[in-house]
Amino acid sequence: MELRLYDTLSREKRTFVPLDPNNVRMYVCGPTVYDFAHIGNARPVIVFDVLFRLLRHLYGEAHVKYVRNITDVDDKINDRAARDFPGLPLNEAIRKVTEQTGKQFHADVDALGALRPSVEPRATEHIGEMCEIIERLVAGGFAYVAEDHVLFSPQAMNAANSALPRYGALSKRSLDEMIAGARVDVAPYKRDATDFVLWKPSKPGEPSWPSPSGIRAEGRPGWHIECSAMAWKHLGEHFDIHGGGIDLVFPHHENEVAQTCCAFHRERMANYWMHNGFLQVESEKMSKSLGNFITIHELLGDWPGEVLRLNMLKTHYHSPIDWTMKSLEESARTLDDWYRVAADVAPGEPAAPVVEPLLDDLNTPQAIAALHGLRGNDIAGLAGSLRLLGFLSESAAQWEGRKQQASGVDAKEVERLLAERAAARSRKDFKESDRIRDLLAAMGVAIKDSKEGTTWEIAR
Ligand code: AMP
Ligand code: ZN
């Protein structure tokens, strides 16, 4: 069985052949830590977690290395630090913001059932690697120093007579069009409008580091160089898979490719570029101004993380996803059922009808359809397949208990009312037994009578 992945660069689904099957390497752009992550940010986390799990299943846990960075240098972080901790020196305030937000991000993604990546590098811990790449780029003629900035020149890259990729190849943009369409108010230190920043001076009070050679004043890195440096440090000059949301293709990933390939004289940075589609909420673009901006943290107050996970995976990662309450409710009901029948069962091997669609460019909707198919005839296979996909992290009792807790229903009180109802029924007081059933229904408890007795659950 072979894995096929859609590659944004070649615009086709190709058989995945790792550079080294004993060391399969994947890099995914992680969060900028200045605020709670929103549910759109959860999409790459969940999608690439499924791919990480699938790769571990195929190549062995010890043979897959997954790197997801934490961007802890950014203007948004600085602004947030100044706003939230006005009394502190900026650097201390920044540390507080990035620490708090980083912890929150971990709590969120753990709850979503995402495995921690093998390495989670922080930009601030890789400034040395950034300077080294920048110095190589300047030495190679791909970048230049101007007014304490270092700028990358896409024109120089495309003029180079070598096996480098063309700038614009990933995002399918032509450099000529970019030049023609460039804004007129270009920063004065840029030679060409399309040049982008590798390094820039820090404003007074902002975090700063010793600059690459040729610049005396301290400064700070641009965003794109951070990922080139962290990927290089942890995965090497050339690795297997690079992922992120579709919004990152241009300019972020285009610029990462340019930096890495020019610095190391490589034709490629990653062999497969994978991008998840965007998430919108109830058919609208999610934005703070529209008031429909939802954080993972808020959703976790109302739903178990696995419900959010299932809801995300019902849509193929490549397509846009419409996040709706209706779909969430459906996902919750599905998981309730799977927990009831499969959580306490010894899991079998993940079933072929589930694994096969996953191998076909992570076709999770089809894999989920196959799970429904297993429900009727192969519970061990269902349990094993659900675990492969990152579900069933709790026992059935824990799941039901959490649901009761979240609903505010007191299980002891329910049992007491059920005993009263049973007593009323045995003395044929049906008016009283109906009253108790209605009372339970009003509490959000559904009861089911059968020959074996009465069972109950929280109605969704
Ligand atoms: P950011 O912190 O904005 O750089 O985003 C972190 C990750 O979340 C990146 O991979 C983005 O592409 C992704 N992302 C941001 N917003 C959305 C969205 N609405 N839908 C899907 N992915 C998103
Ligand atoms: Zn990145």
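Residues numbered from 1 in each chain as written. Chains lettered and ligands numbered in written order. Predicted model: local features only at pLDDT ≥ 70, side-chain atom pairs only at ≥ 80, totals over all residues. Heavy atoms only, no water.

## Side note on unusual backbone geometry
Put simply, Phe250 and Pro251 share a cis peptide bond, and its omega is 0°. Relative to the helices and strands, Pro251 is located in helix 8 (residues 249–264). Here the phi dihedral of Glu282 falls at roughly 45°; this positive angle occurs in a residue that is not glycine. Here Glu282 lies in the loop between strand 11 (279–281) and helix 9 (296–302). One non-glycine residue, Ser283, adopts positive backbone phi at about 65°. The topology assignment puts Ser283 in the loop between strand 11 and helix 9. (Helix = DSSP H or I, 4+ residues; strand = E, 2+ residues; numbered from the N terminus.)

## Remarks on helix 11 (residues 325–342)
Between its first and last C-alpha, helix 11 extends 25 Å over 18 residues, near the 26 Å set by a 1.5 Å rise per residue. Residues of helix 11 that are buried include every one of Ser327, Leu328, Ser331, Ala332, Thr334, Leu335, Asp336, Asp337, Trp338, Tyr339 and Ala342, and no others. On its buried face, helix 11 sits against helix 9, helix 10 (305–313), strand 12 (321–323), helix 13 (364–375), helix 14 (379–388) and helix 15 (396–407). (Expected span 1.5 Å × (residues − 1). Buried < 20%, exposed > 50% of the residue type's maximum accessible area, 1.4 Å probe, protein only. Contact = heavy atoms within 4.5 Å.)

## As for the domain arrangement of the protein chain
Entries for the protein chain in the domain assignment read domain 1 (4–279), domain 2 (302–397) and domain 3 (408–458). Between the C-alpha centres of domain 2 and domain 3 the distance comes to 31 Å. (Domains from an automatic or database assignment.)

## A word on the packing of aromatic side chains
For the structure shown, the criterion picks out seven aromatic pairs. On the numbers, 6.5 Å between centres and 25° between planes, the contact of Tyr167 with Phe196 is stacked. Note that Tyr167 is positioned in the loop between helix 5 (154–159) and helix 6 (175–180) and Phe196 in strand 7 (residues 196–201), a separation of 29 residues in sequence. Accessibility classification places Tyr167 together with Phe196 in one group, the buried group. (Phe/Tyr/Trp six-rings, centres within 6.5 Å; stacked < 30°, edge-to-face > 60°.)

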